[in-house]
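Analysis of the macromolecular model
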Amino acid sequence: MKLLFSYNTEKDVENFLKAAKSVNNPRPTKLHNLYVEKFGENIEVVKVQEFIESYIKENNIDVEKRTKEIGANWLAIEDKFIKKVEEIFGIKYPKETIEVFSTTNGRCTYNIEGGYFFVDIQRGNTNITIMHELLHFYTWQVFYKELERKGLSKLRYNDIKESL
């Protein structure tokens, strides 16, 4: 498996919207609070996009440069991590590539079926986030269907995958 790194404003908006409804942490992120200060509690897609674009400009974030740095940092450990996680879970992940989208938000969501997740463009060591998100993918691949078949609720599954 290889990771493909990129930035996409629409995906950044998607992450913002999903992160605002987090089950694991209902507290608003720093970015969410800044949005509320500017636009109020009502979250609208068009306003979120406008907000993110202005946030990037105002904070002089070079999304392309930073995304390349994140990818380069990951390459330094990718083979070792993938080898180890395949040993732990006993599988080779079935998708050849997973997309990693940079986000301006401090909370990073994921979409296993879509084959992608987010990483905070402003975080120092993003490899920790990448490993965390990939563990969700492997956990789902190995355990989800069997646990669902045995009647485990989505909430309990969430507890298990977060604990891993």
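What this report covers is the structure whose coordinates are included nearby. (Residues numbered from 1 in each chain as written. Predicted model: local features only at pLDDT ≥ 70, side-chain atom pairs only at ≥ 80, totals over all residues. Heavy atoms only, no water.)

**Some words on the overall build of the chain**
Applicable threshold: Strands here are runs of E lasting at least two residues and helices are runs of H or I lasting at least four, both read from the DSSP assignment and numbered beginning at the N terminus. Classification of residues uses two cut-offs on accessible area relative to the type maximum, computed with a 1.4 Å probe and protein chains only: under 20% is buried, over 50% is exposed, and between them is partly exposed. Charged residues are defined here as Lys and Arg on the positive side and Asp and Glu on the negative side; His and the ends of the chain fall outside this count. By convention, the charge on Lys lies at NZ, on Arg at CZ, on Asp at CG and on Glu at CD.
On a plain count of helices and strands, the chain comes out with seven helices and four strands. Listed by position from the N terminus, the elements making up the chain come as β-α-α-α-α-α-β-β-β-α-α. Dimensions of the chain along its principal axes, counting C-alpha atoms only, are 45 × 40 × 20 Å. Sorting the 164 residues of the chain into buried and exposed places 41% on the buried side. Each charge class in the chain was averaged separately, 25 positive and 25 negative side chains, and the resulting centres sit 5 Å apart.

**Focus: the pattern of salt bridges**
Put simply, the rule reads: Salt bridge criterion: a side-chain nitrogen from Lys or Arg within 4 Å of a carboxyl oxygen from Asp or Glu.
The tally for this structure, following the rule as stated, stands at ten salt bridges. As a salt-bridge pair, Arg-156 and Asp-159 come within 3.6 Å of each other at their nearest N and O atoms. Highlighted residues: Arg-156 and Asp-159, both in helix H7 (residues 154-163), separated by three residues, approximately one helical turn. The exposure class assigned to Asp-159 is partly exposed, which follows from its relative accessible area of 40%.

**Considering the sheet that holds strand S2 (residues 97-103)**
Worth spelling out the cut-off: Pairing between strands is defined by DSSP: at least two bridges between the two strands are required. Contacts are residue-level and defined by heavy atoms, with any inter-residue pair within 4.5 Å sufficient. Axes here mean lines fitted to C-alpha atoms, for a helix over just the part in contact, with angles spanning 0 to 180 degrees between N-to-C directions.
Here four strands make up an open sheet; going across it, the order is S1-S2-S4-S3 and the pairing mixed. The open sheet has two edge strands with one neighbour each: strand S1 (2-7) and strand S3 (110-111). The sheet contact formed by S2 and strand S4 (residues 116-120) spans five bridges and is parallel. Each bridged residue has a counterpart across the sheet, and for Val-100 the counterpart in S4 is Phe-117. Those strands touched by helix H4 (residues 63-75) are S1, S2 and S4, and its axis lies near 165° from that of S1.

**What about the layout of surface pockets?**
Put simply, the rule is: Put simply, the grid is 1 Å and covers the protein atoms alone, a cavity is a trapped set of points that fit a 1.4 Å probe, a pocket is an open set with protein on both sides within 12 Å along at least five of seven lines, and lining residues have an atom within 4 Å of a point. Grid points are joined across faces, edges and corners, and a volume is the space filled by probe spheres set on the points. Gly is put with the polar residues, along with every residue not named as nonpolar or charged; the nonpolar set is Ala, Val, Leu, Ile, Met, Phe, Trp, Tyr, Cys and Pro, and the charged set is Asp, Glu, Lys and Arg.
In this model, the largest pocket occupies a volume close to 950 Å³. If you go around the largest pocket, you meet 28 residues; those closest to its centre are Asn-24, Tyr-110, Asn-158, Lys-161 and Glu-162. Elements with a minimum of two residues in the lining of the largest pocket: S3, helix H6 (126-149) and H7. Of the residues forming the lining of the largest pocket, the biggest block, seven residues, is contributed by H6. Of the residues in the lining of the largest pocket, the class split is eight nonpolar, eleven polar and nine charged.

**Looking at the packing of aromatic side chains**
The following threshold applies: Aromatic rings from Phe, Tyr and Trp, taking only the six-membered ring of Trp, are treated as a pair when their centres fall within 6.5 Å; an angle between ring planes under 30 degrees marks them as stacked, one over 60 as edge-to-face, and anything in between as tilted.
Under the definition given, this model contains 18 aromatic pairs. Both rings, one in Trp-74 and one in Phe-81, keep their centres 5.6 Å apart while their planes meet at 65°; by these two values the pair is edge-to-face. Comparing Trp-74 with Phe-81 shows no difference in burial state: the two are buried. Taken together, the ring pairs connect Phe-89, Tyr-93, Tyr-110, Phe-117, Phe-137, Tyr-138 and Phe-143 into an aromatic cluster.

**So, the nonpolar core**
Applied cut-off: Buried Ala, Val, Leu, Ile, Met, Phe, Trp, Tyr and Cys residues that are joined via side-chain atoms within 4.5 Å together make up what is termed a nonpolar core.
Within the largest apolar cluster, 34 residues are counted, with the highest numbers of intra-cluster contacts made by Met-1, Leu-3, Ile-52, Phe-117, Ile-130 and Leu-134. With six residues, the top contributor of residues to this core is H6. Among all residues touching Phe-117, those that are not within four sequence positions of it are Leu-3, Ile-98, Glu-99, Val-100, Phe-101, Thr-109, Tyr-110, Ile-130, Glu-133, Leu-134 and Phe-137.

**Considerations on helix H2 (residues 30-39)**
Selection rule: Each C-beta atom gives one direction from the helix axis, and the arc is the one those directions make.
Along H2, the residues that are buried comprise Leu-31, His-32 and Tyr-35. Burial along H2 is one-sided: seen end-on, the buried residues are contained in an arc of 100°. Of the residues in H2, the exposed ones pointing more than 90 degrees away from the buried face are Lys-30 and Glu-37. Against the buried residues of H2 lie helix H1 (9-19) and helix H3 (45-58). Positive backbone phi, approximately 90°, marks Gly-40, located one or two places after H2.

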